[in-house]
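# Geometric and topological summary
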Amino acid sequence: MLVTLGGCGKKDKEKASSITGDGVEMTEAVRTPEPSEEAAQAAAETPKLGTGATQAPFHDSDNVTTVTADEMPVVEDKKDFENKDDTDGFKKYISGDKKWGVLLPESAVPGDEDESGIIFMLGSNMIAVNTVDDAYEFTNPEEAKEYFGVLDDVNVNSFTVIYDDDKYAGCCFDFRTSVGAWGFCKYAYKNGRGASAAAVNLEDDASLNDMLRSTVNSLVVLD
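Residues numbered from 1 in each chain as written. Predicted model: local features only at pLDDT ≥ 70, side-chain atom pairs only at ≥ 80, totals over all residues. Heavy atoms only, no water.

### Description of the confidence of the model for the chain
Regions with low pLDDT carry predicted coordinates that are not meant to be interpreted in detail. For the chain, the mean per-residue pLDDT works out to 79, and 75% of the residues sit at or above 70. Between the elements of the chain, mean pLDDT differs from a low of 45, seen in helix α1 (residues 37-45), to a high of 97, seen in strand β1 (residues 64-68). Below pLDDT 50 for its whole length, residues 6-36 participates in 12 contacts with residues either more than four positions away or in separate chains. Low pLDDT (under 50) marks residues 38-50, which in the prediction has 5 contacts with non-local residues, meaning those over four places away or in another chain. (pLDDT = per-residue confidence, 0-100. Helix = DSSP H or I, 4+ residues; strand = E, 2+ residues; numbered from the N terminus. Contact = heavy atoms within 4.5 Å.)

Next comes the structure, spelled out in structure tokens:
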């Protein structure tokens, strides 16, 4: 599950089932046919995509940390971003609309892209980065959970709010999806321009968490 901070519709929790009628009384137990030996063998051999559920325990937390934009950058001059030396193991990427930049693992491969953003593949993991036109202000885990709730029930930890000269400039946090996969999110905003990055570790390999978190936290809005 990847989440962008662009607009999402709320779930219609009040929507009723369209099934009508009185139903049929069952007079005999339903018998489910046994799967064939070939089908059972094929199912056993089908590789399963990891969910991250075997990673280290994740503790849902209401704690909020605040940092400055000096400690967690949210804005960078475009030319400075283009000209700075690459970080070992990472490469620079600038959006087609020149609104944001991010440092990606060297092995990350660009995937689907449109005017709002792009998805990068890192093995079986995905990193989504988007331009955000509307201003948001998430200041605590509950607000993040409410937003994510339109797509999935998540737990949130390491929630950090970023301020720039006492003005809200974004946030970053870890999250865990309902299937146990770890994810990471950062939202950066200044002067009417915003961007978001989100990544989910879909492999049962906790060593990838630091790399994905560093990628997401490297997101900056280009000035």
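### Quick notes on the sheet that holds strand β7 (residues 125-132)
Strand order in this open sheet of 8 strands is β1-β8-β9-β10-β11-β7-β6-β5, and the pairing throughout is mixed. If you trace the sheet from one side to the other, it starts and ends with β1 and β5 (109-114), each paired once. For this sheet the average axis-to-axis angle between neighbouring strands, irrespective of direction, equals 15°. Helix α3 (residues 141-148) contacts β1, β8 (155-164), β9 (167-176) and β10 (182-190) of the sheet and is inclined by roughly 115° relative to β8. Where helix α4 (residues 208-217) meets the sheet, it contacts β6 (117-122), β7, β9, β10 and β11 (193-201), and its direction lies at approximately 15° from that of β10. (Pairing = 2+ DSSP bridges. Axes fitted to C-alpha atoms, helices over the stretch in contact; angles between N-to-C directions.)

### Focus: the packing of aromatic side chains
For the structure shown, the criterion picks out 13 aromatic pairs. Ring centres of Phe138 and Tyr147 lie 5.6 Å apart, and the angle between their planes is 65°; this geometry places the pair in the edge-to-face category. Judged by relative accessible area, which is 8%, Phe138 ranks as buried. Using a relative accessible area of 12% as the deciding quantity, one classes Tyr147 as buried. (Phe/Tyr/Trp six-rings, centres within 6.5 Å; stacked < 30°, edge-to-face > 60°. Buried < 20%, exposed > 50% of the residue type's maximum accessible area, 1.4 Å probe, protein only.)

### Some remarks on α3
Among the residues making up α3, those that are buried are Pro141, Ala144, Lys145, Tyr147 and Phe148. For α3, the angular spread of the buried residues around the axis is 160°, confining them to a single face. Along its buried surface, α3 packs onto β1, β8, β9 and β10. (Arc of directions from axis to C-beta.)

### What to know about the nonpolar core
Counting residues in each nonpolar core, the largest one holds 28 residues, and the members touching the most others are Tyr93, Trp100, Phe120, Val129 and Ile162. Elements with a minimum of two residues in this core: β4 (100-105), β6, β7, β9, β10, β11 and α4. Leaving out residues up to four positions away in the same chain, Ile162 has contacts with Val67, Thr68, Ala69, Met72, Val74, Lys167, Tyr168, Ala169, Gly170, Cys171 and Lys186. In this structure, Val161, Tyr187, Val200 and Leu202 belong to the second largest nonpolar core, which totals 19 residues. (Core = buried A, V, L, I, M, F, W, Y, C linked by side-chain atoms within 4.5 Å.)

### Regarding the sheet that holds β4
If you trace the 4 strands from one edge of the open sheet to the other, you get β2-β12-β4-β3, paired in mixed fashion. The open sheet is flanked by β2 (75-76) and β3 (90-94), the only strands paired with a single partner. Note: β2 against strand β12 (residues 220-222), 2 bridges, orientation parallel. The partner of Val75 across the bridge, within β12, is Val221. Docked against the sheet, α4 engages β3 and β4, running at close to 165° with respect to β4.

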